[in-house]
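Descriptive structure summary
Residues per chain are reported as follows:
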Amino acid sequence: MTVGVLALQGDFREHSAILRQLGADPLEVRLPRQLASVNHLIIPGGESTTIGRLLALYGMLEPLRARAGRDLAVWGTCAGAILLAREILDQKQGGQPTLSVMDITVRRNAYGGQLNSFELPIDAPAFGEGPLHGVFIRAPLIEAVGQGVEVLARLPDGAIIAARQGRLLATTFHPELTADARVHRYFLEL
Ligand code: GLN
């Protein structure tokens, strides 16, 4: 199994570091030929408009769409979750290039800007016992999920922060910024 981390923009290095802790040898993916050699791909947090534009520029949108959720398991964290979503609310005017492969509706910057970022313990039994440390940075909110999408975690107020549709995983928080590798391990098993 080869795991790749989309390395166009955002915190891909942090994801790679955790994958290495788990004994994987992650490949930084920037081009279609690199994508062709992985069967797991993490789309990191960062800026979804920038990552989307770079995906289009590097000819990656189509090959990714064609494989995502099929022979390619994809996990989007934060901006990555926005790129996976079929519907984006509060989108940049004129739209933004996205993959649009997962049956979820997300609202960008749902909690406000950088100053409204927060950290919180998350109860998410799907990822194992004991709370996860949730880091939310200009996070989106998963406002709705379609049939066939399993909700994996919520905030105490009910807000959906992790969801899975087959081999597609979306989290609005950043496990790669903590020392806890449970979500990465979960993803590698998809
Ligand atoms: N607010 C960013 C966006 O809309 C996502 C922030 C993040 O990935 N931490 O793309």
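Just so you know, these numbers come straight off a predicted model, no measurement behind them. (Residues numbered from 1 in each chain as written. Predicted model: local features only at pLDDT ≥ 70, side-chain atom pairs only at ≥ 80, totals over all residues. Heavy atoms only, no water.)

On to the packing of aromatic side chains, then. According to the stated counting rule, one finds 6 aromatic pairs in the structure shown. Ring centres of Trp75 and Phe187 lie 5.7 Å apart, and the angle between their planes is 50°; this geometry places the pair in the tilted category. With Trp75 in strand β4 (residues 73-77) and Phe187 in helix α6 (residues 182-188), the pair connects residues that are 112 residues apart, well separated along the chain. Judged by its relative accessible area of 0%, Phe187 falls in the buried class. Arranged with centres 4.9 Å apart and planes meeting at 85°, the rings of Phe127 and Tyr186 form a pair that is edge-to-face. One end of the pair, Phe127, is in the loop between β7 (118-122) and β8 (132-136); the other, Tyr186, is in helix α6, and 59 residues separate them in sequence. Summarising the burial analysis for this pair, Phe127 and Tyr186 share the class buried. (Phe/Tyr/Trp six-rings, centres within 6.5 Å; stacked < 30°, edge-to-face > 60°. Helix = DSSP H or I, 4+ residues; strand = E, 2+ residues; numbered from the N terminus. Buried < 20%, exposed > 50% of the residue type's maximum accessible area, 1.4 Å probe, protein only.)

A few words now on the pattern of salt bridges. On inspection of all chains with the given rule, the structure shows 7 salt bridges. In this structure, the salt-bridge partner of Arg108 is Glu47, at a minimum N-O distance of 2.7 Å. Remark: Glu47 occurs in the loop between β3 (40-43) and α3 (48-57) and Arg108 occurs in the loop between β6 (102-107) and β7; sequence separation between them is 61 residues. You can call Arg108 buried: its relative accessible area is 8%. One network of salt bridges, with partners in common, ties together Glu47, Arg108 and Arg138. (Salt bridge = Lys/Arg side-chain N within 4 Å of Asp/Glu carboxyl O.)

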